[in-house]
Amino acid sequence: MRYRPLGNTGLTVSAVGLGGVALSIPTTRPDQATAIKVVHHAIDQGVTFIDTADSYSQGEADMGHNERLFRAALAQLPADVRTRVVVATKGGHMRPGGGWIPNGRPEYLRRQCEASLRNLGVERLDLLQHHRPDPDVPIADSIGAYARLREEGKVRFIGVSEYSVAQLDEAQSVTAIASTQNQYSLAHRQPERDGTLAATEARGLAFIPWSPLGGTGQHRAGDLARRHPAVARLAAHHGVSPQRLVLAWLLAKGPQVLVIVGSSRAATIEDSAGAADLELDAGDIARIDAAPA
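Remember, predicted model here, so these are calculated numbers, not experimental data. (Residues numbered from 1 in each chain as written. Predicted model: local features only at pLDDT ≥ 70, side-chain atom pairs only at ≥ 80, totals over all residues. Heavy atoms only, no water.)

## Thoughts on the pairing of strand E5 (residues 86-91)
Then, in step 1: Extensive coverage of E5 is indicated by the burial of 6 of its 6 residues.
Then, in step 2: A two-sided burial pattern is seen for E5, the buried positions comprising Val-86, Ala-88 and Lys-90 on one face and Val-87, Thr-89 and Gly-91 on the other.
Then, in step 3: The pairing of strand E4 (residues 49-51) with E5 spans 3 bridges and is parallel. Residue Asp-51 lies in a different strand from E5, and its bridge partner there is Ala-88. (Buried < 20%, exposed > 50% of the residue type's maximum accessible area, 1.4 Å probe, protein only. Helix = DSSP H or I, 4+ residues; strand = E, 2+ residues; numbered from the N terminus. Pairing = 2+ DSSP bridges.)

## A word on the environment of Gln-172
Then, in step 1: With respect to the element layout, Gln-172 can be found in helix H6 (residues 165-174).
Then, in step 2: Accessibility expressed as a relative area gives 30% for Gln-172, which makes it partly exposed.
Then, in step 3: Those residues in contact with Gln-172 that sit more than four places away from it in its chain are Ile-177, Arg-203 and Leu-205. (Contact = heavy atoms within 4.5 Å.)

## What about the layout of surface pockets?
Then, in step 1: There is about 330 Å³ of room inside the second largest pocket.
Then, in step 2: What lines the second largest pocket is a set of 14 residues, among which Leu-74, Arg-82, Val-87, Leu-120 and Val-122 lie closest to the centre.
Then, in step 3: Counting residues per element, the lining of the second largest pocket draws most heavily on helix H2 (residues 65-75), which supplies 4 residues.
Then, in step 4: Of the residues in the lining of the second largest pocket, the class split is 8 nonpolar, 2 polar and 4 charged. (1 Å grid on protein atoms, 1.4 Å probe; cavity = no way out; pocket = protein on both sides within 12 Å on 5 of 7 lines; lining within 4 Å. Points joined across faces, edges and corners; volume = space filled by probe spheres on them. Nonpolar A, V, L, I, M, F, W, Y, C, P; charged D, E, K, R; others polar.)

## Some words on the sheet that holds strand E10 (residues 179-181)
Then, in step 1: The strand order across the open sheet built from 8 strands is E11-E10-E9-E8-E5-E4-E3-E12, with neighbouring strands paired in parallel fashion. Two strands close off the open sheet at either side, each with one partner strand: strand E11 (206-207) and strand E12 (259-262).

## Describing unusual backbone geometry
Then, in step 1: Positive phi, close to 60 degrees, is recorded for Glu-162, a residue that is not glycine.
Then, in step 2: Looking at the secondary structure, you find Glu-162 in the loop between strand E9 (155-161) and H6.
Then, in step 3: A relative accessible area of 25% places Glu-162 in the partly exposed class.
Then, in step 4: The phi dihedral of Ser-211 is positive, around 55 degrees, even though this residue is not glycine.

## Describing the packing of aromatic side chains
Aromatic ring pairs are reported here in terms of the distance separating the ring centres and the angle at which the planes meet.
Then, in step 1: Using the criterion set out here, one finds 3 aromatic pairs in the structure.
Then, in step 2: Note on Tyr-184 and Phe-207: the rings are 5.9 Å apart at their centroids and 85 degrees apart in plane angle, and the pair reads as edge-to-face. Highlighted residues: Tyr-184 in the loop between E10 and helix H7 (190-194) and Phe-207 in strand E11, separated in sequence by 23 residues.
Then, in step 3: Overall, Tyr-184 belongs to the buried group, its relative accessible area being 0%.
Then, in step 4: Taking the relative accessible area as the measure of exposure, Phe-207 reaches 0% and is therefore buried.
Then, in step 5: Ring plane angle 45 degrees and centroid distance 6.0 Å describe the contact between Tyr-184 and Trp-249, whose orientation is recorded as tilted. Taken together, the residues Tyr-184 in the loop between E10 and H7 and Trp-249 in helix H11 (residues 242-251) connect sequence positions 65 residues apart.
Then, in step 6: The exposure class of Trp-249 is buried, given its relative accessible area of 0%. (Phe/Tyr/Trp six-rings, centres within 6.5 Å; stacked < 30°, edge-to-face > 60°.)

Shown next, in the form of structure tokens:
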């Protein structure tokens with residue numbers, strides 16, 4: 001595993017992190033023992049960055065499932081191992097009927113923060129990310145709520161997710177921002193075109209692609225190979241899986257990039273962790289860049 005700065009926080013984390021969504025949503029959720037095994041195996045591979053959210057659950061009645069799962073998994077580890085792991089969580093979504101509805105009202109974000117502290121069993125959250133802007137609430141109000149929580153010692157660092165550069169400007173006018181988490185993959189290249197990828201590097205923020213393999217929740221190596229035959233051929237040339245190649249390509253997009261990969265099986269997170277050690281040359285990157293979305 002290789003390690004990179006978590007933006008301007010002064011923290012260093014694994015270049016490949018574990019995303020928790022696949023361990024909690026209905027379509028991919030394993031049993032608790034299997035899920036804990038995945039978390040422990042990721043940490044055995046050198047993963048020290050975990051991304052969760054209180055909304056990673058089956059629905060409203062199950063909110064906090066993923067955070068509580070990580071609490072249980074981390075509690076089983078020795079203290080010196082546990083303290084090396086940085087846990088990033090998110091707030092700003094409701095899950096009525098299993099849907100995903102933004103709610104950026106300050107009072108709701110505060111309640112979510114308090115719930116996340118309880119779910120994770122900590123006194124302060126390492127990184128609290130605003131899950132996405134709420135079109136009905138000014139960004140200054142939502143981020144202002146997070147700033148107040150940090151002033152109270154309940155949050156160490158603040159991040160955002162699915163923010164445009166203009167929205168990031170608004171957030172940074174309120175308080176210091178450490179990271180941006182936006183969708184980015186071979187199938188979704190918007191951050192290259194809208195300036196968010198470049199903006200994070202210029203501003204010293206971490207850029208965290210979500211759904212880096214173009215799926216939702218699980219590795220989809222077969223899908224990658226079918227959608228991108230040239231990528232599959234290049235992966236075979238390097239003797240690696242297509243997903244490992246694509247994750248290495250994302251990491252090559254800038255020193256600020258940290259990839260988080262969802263997995264519900266130990267074997268897949270092991271394969272993904274190997275992306276941190278896969279060196280791609282300029283020709284490799286150009287060939288992957290040329291792959292159609």
